[in-house]
Amino acid sequence: MTNNNPDNSQNDHGQIVHAPRVHRIWAWIFPALAAAAGLWLLWSNWKSHGPVIQVHFSEAPGIQSGKTVLIYRGVTSGQVTGVALNPDIDGVTVTIRLMAFASKLASEGTDFWIDQPVISITETTGLESIIQGNSIQARLGGGPPKDSFTGLDRAPLSPLDSPSLVVKLKATDIPFLSRGAPVYHNGVSVGLVRDKVIDKSGGPSLVVTIDKEHAHLVLDTSRFWILPATSLRLSARGANLDIAGLA
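Being a predicted model, the structure only gives us computed values, none of them experimental. (Residues numbered from 1 in each chain as written. Predicted model: local features only at pLDDT ≥ 70, side-chain atom pairs only at ≥ 80, totals over all residues. Heavy atoms only, no water.)

Novice: Report on unusual backbone geometry, specifying residues and quantitative values.
Specialist: Positive phi, normally seen in glycine, also occurs at Arg73, with a value near 55°. Relative to the assigned elements, Arg73 resides in the loop between strand E2 (69-72) and strand E3 (75-85). Despite not being glycine, Ile89 has its phi angle at roughly 45°, a positive value. Mapped onto the elements, Ile89 comes out in the loop between E3 and strand E4 (92-99). (Helix = DSSP H or I, 4+ residues; strand = E, 2+ residues; numbered from the N terminus.)

Take a look at the structure:
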């Protein structure tokens, strides 16, 4: 059968068919999921952040913004976000962003110090910083909220809990005693010598910290004396060498 109208094949360009709407919906699913994931990450990151605090140090060796962390009880509890000299260049201000779970560290009485190696006869601290680098350590105070602190020049002898009693002892002469020397009561260690200073009158003084559980032993009638590192006593029975205070 012949086609009497040959122009029909040339004029027939086909029929326009609209694409199914389901393909358009699928095209928007993946961008929507990516946007939702991004928003969730932003919200999660924001929720994990706690308050921002500033700690003032006389110097900040090894402290770097975005790298140095704040450690409390062995757990990373914040990160340094800024290190800058004070306007009078007489010290350093370190800005720290706390984690949400460590927000209580932003309270009055909290102590901050830079953990760095200290090796001496009476004190050995900060050995982990030799491998991991210097960090900032904290000891909880428990007072009202606060966002500005003065950091300690050196690590405290009791890094976890503050002592419940601090005693200042005066004497005309305090030889052979220095920071970290133990304080004994009936042969049991109940505290430590926190510092050895010269008072306003020019005489030596010892700042002694007594542990919380032993603070009730210190009374108005208490007396303190120096235990020699070694002592030698001679008697008819022979010689007796005492090295109880060697530490």
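Having seen the structure, we can now continue with the description.
Novice: Explain the sheet that holds strand E12 (residues 188-198) to me, using residue names and the numbers behind them.
Specialist: A sheet is described by the order of its strands in space; here four strands give the open sequence E10-E13-E12-E11, paired in antiparallel fashion. Whereas interior strands pair on both sides, the edge strands pair on one side only; in this sheet they are strand E10 (165-170) and strand E11 (182-185). Strand-to-strand, the axes of this sheet are offset by a mean angle of 35°, without reference to chain direction. Pairing of E11 with E12 involves four bridges; the strand directions are antiparallel. Bridge pairing in E12 links Pro182 to Leu192. (Pairing = 2+ DSSP bridges. Axes fitted to C-alpha atoms, helices over the stretch in contact; angles between N-to-C directions.)

Novice: Give me the lowdown on the pattern of salt bridges, citing residues and values where you can.
Specialist: One pass over the full model with this rule turns up two salt bridges. In this structure, Asp111 engages Arg139 in a salt bridge whose closest nitrogen and oxygen atoms are separated by 2.7 Å. Linking Asp111 in strand E5 (residues 111-115) with Arg139 in strand E8 (residues 135-139), this pair joins segments that are 28 residues apart in sequence. Assigned by exposure class, Asp111 and Arg139 land together as buried. (Salt bridge = Lys/Arg side-chain N within 4 Å of Asp/Glu carboxyl O. Buried < 20%, exposed > 50% of the residue type's maximum accessible area, 1.4 Å probe, protein only.)

Novice: Which residues make up the nonpolar core, and what values go with them?
Specialist: By size, the foremost hydrophobic cluster in this structure holds 20 residues, and its most contacted members are Ile53, Leu70, Val94, Ile96, Phe112 and Ile136. Contributions of two or more residues to this core are made by strand E1 (49-57), E2, E4, E5 and E8. Counting residues per element, this core draws most heavily on E4, which supplies four residues. Sequence-distant contacts of Leu70, defined by excluding residues within four places in its chain, comprise Val75, Thr76, Ser77, Gly78, Gln79, Ile96, Leu98, Leu105, Phe112, Ile136, Gln137 and Ala138. Counting eleven residues, the second largest nonpolar core, distinct from the first, contains Ala181, Val193, Leu206 and Ile210. (Core = buried A, V, L, I, M, F, W, Y, C linked by side-chain atoms within 4.5 Å. Contact = heavy atoms within 4.5 Å.)

Novice: Could you give an account of the pairing of E2, with specific residues and numbers?
Specialist: Across a regular strand the side chains alternate sides, sitting on one face of the sheet and then on the other. Pairing of E2 with E3, which is carried by four bridges, proceeds in the antiparallel orientation. Each bridged residue has a counterpart across the sheet, and for Leu70 the counterpart in E3 is Gly78. Where E2 folds back onto E3 in an antiparallel hairpin, the turn is made up of two residues, including Arg73, whose phi is positive at roughly 55°.

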